[in-house]
Amino acid sequence: MTRDPLPSPPTSTFIARLAIHVDSPLELGEDARGKRRFIAITGGRVSGERLDGVVLPGGGDWQTVRPDGVADLHARYFLETDSGDRIEVENVGFRHGPADVMQRLQRGEPVAPESYYFLTTPRFFTTSPAYAWLTRTIFLGKAERTRDSVLIDLYAVS
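Definitions and cut-offs
- Residues numbered from 1 in each chain as written.
- Predicted model: local features only at pLDDT ≥ 70, side-chain atom pairs only at ≥ 80, totals over all residues.
- Heavy atoms only, no water.
- Helix = DSSP H or I, 4+ residues; strand = E, 2+ residues; numbered from the N terminus.
- Buried < 20%, exposed > 50% of the residue type's maximum accessible area, 1.4 Å probe, protein only.
- Contact = heavy atoms within 4.5 Å.
- Areas by Shrake-Rupley, 256 points an atom, 1.4 Å probe, with all protein chains shown as cover.
- Salt bridge = Lys/Arg side-chain N within 4 Å of Asp/Glu carboxyl O.
- Core = buried A, V, L, I, M, F, W, Y, C linked by side-chain atoms within 4.5 Å.
- Pairing = 2+ DSSP bridges.
- Polar contact = N/O pair within 3.5 Å; in protein donor to acceptor, adjacent residues only side chain to side chain.

Draft legend 1. Just the overall build of the chain, in detail. For the chain, the helix and strand inventory stands at one helix and ten strands. Listing every helix and strand of the chain by position from the N terminus yields β-β-β-β-β-β-β-α-β-β-β. The principal-axis extent of the C-alpha atoms belonging to the chain is close to 60 × 40 × 30 Å. Among the 158 residues that make up the chain, the fraction classed as buried is 39%. Considering only contacts in the chain between residues 6 or more positions apart, those separated by 24 or more positions represent 50%. Accessible surface, the chain: about 9400 Å² in total, of which carbon and sulfur atoms supply 55%.

Draft legend 2. Quick peek at the pattern of salt bridges. One pass over the full model with this rule turns up ten salt bridges. With its nearest N and O atoms 2.8 Å apart, the salt bridge here joins aspartate 68 to arginine 66. Under the relative-accessibility criterion, aspartate 68 is labelled exposed at 53%. In this structure arginine 66 comes out as partly exposed when scored by relative accessible area, which is 29%. One network of salt bridges, with partners in common, ties together Arg45, Asp52 and Asp82.

Draft legend 3. Representation of the nonpolar core in the model. Of all hydrophobic cores here, the largest spans 33 residues; its most connected members are Leu51, Tyr77 and Leu79. Elements represented by at least two residues in this core include exactly strand E1 (12–22), strand E3 (34–47), strand E6 (71–81), strand E7 (86–96), helix H1 (99–106), strand E8 (117–125), strand E9 (138–145) and strand E10 (149–157). Sequence-distant contacts of tyrosine 77, that is, excluding residues within four places in its chain, are made with Leu18, Ile20, Ile41, Val55, Gly59, Ile87, Glu88, Val89, Asn91 and Ile152.

Draft legend 4. Region of interest: the environment of glycine 93. Note on placement: glycine 93 falls in strand E7. Classification of glycine 93 by relative accessible area gives buried; the value is 11%. When the C-alpha positions of glycine 93 and alanine 19 are compared, they lie 16 Å apart, and in sequence the two are 74 residues distant. Ignoring sequence-local partners within four residues, the contact set of glycine 93 consists of Ala71, Asp72, Leu73, Leu119 and Thr120.

Draft legend 5. Structural context of the pairing of E1. Across nine bridges, the pairing between E1 and E10 is antiparallel. Counterpart to phenylalanine 14 in the pairing with E10 is tyrosine 155. Across six bridges, the pairing between E1 and E3 is antiparallel. From the neighbouring strand, valine 22 faces E3, where its bridge partner is isoleucine 41.

Draft legend 6. The side chain of asparagine 91, seen in detail. Considering the arrangement of structural elements, one finds asparagine 91 in strand E7. Of note is the side chain of asparagine 91, whose polar atom sits 3.0 Å from the side chain of threonine 120.

Encoded structure:
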């Protein structure tokens, strides 16, 4: 039996880096799904060839840290481009790694991003014709947590 060749994998193109400034977590407590918390977004910057602007304050990341240690993330926030266009972002993802690495992150210590898993799948919404391409493209975010920010390298998948 002859096997069909594998299809070509998707490719990705770097779009921008989001440097999202965040506040300290507000802890809600633990329920059957895990430890629930909210992290307010206080501002930031988006920088890239096709997307430049600021992260507006007022959004947030609703997190559930599951019993298996995986942080289930759901963030919503707005960007404002340098040209004044507004873009809503809904970003979901997972962050997990060895227990000692995750404890260091929680304490705000520097941790090499390759020592833990942190990927997101952002979706964009806008009424701006100049940025309509964001609303019909699949994106992947490779993320890193620092003491007071989240860095997300945004890639368009094709």
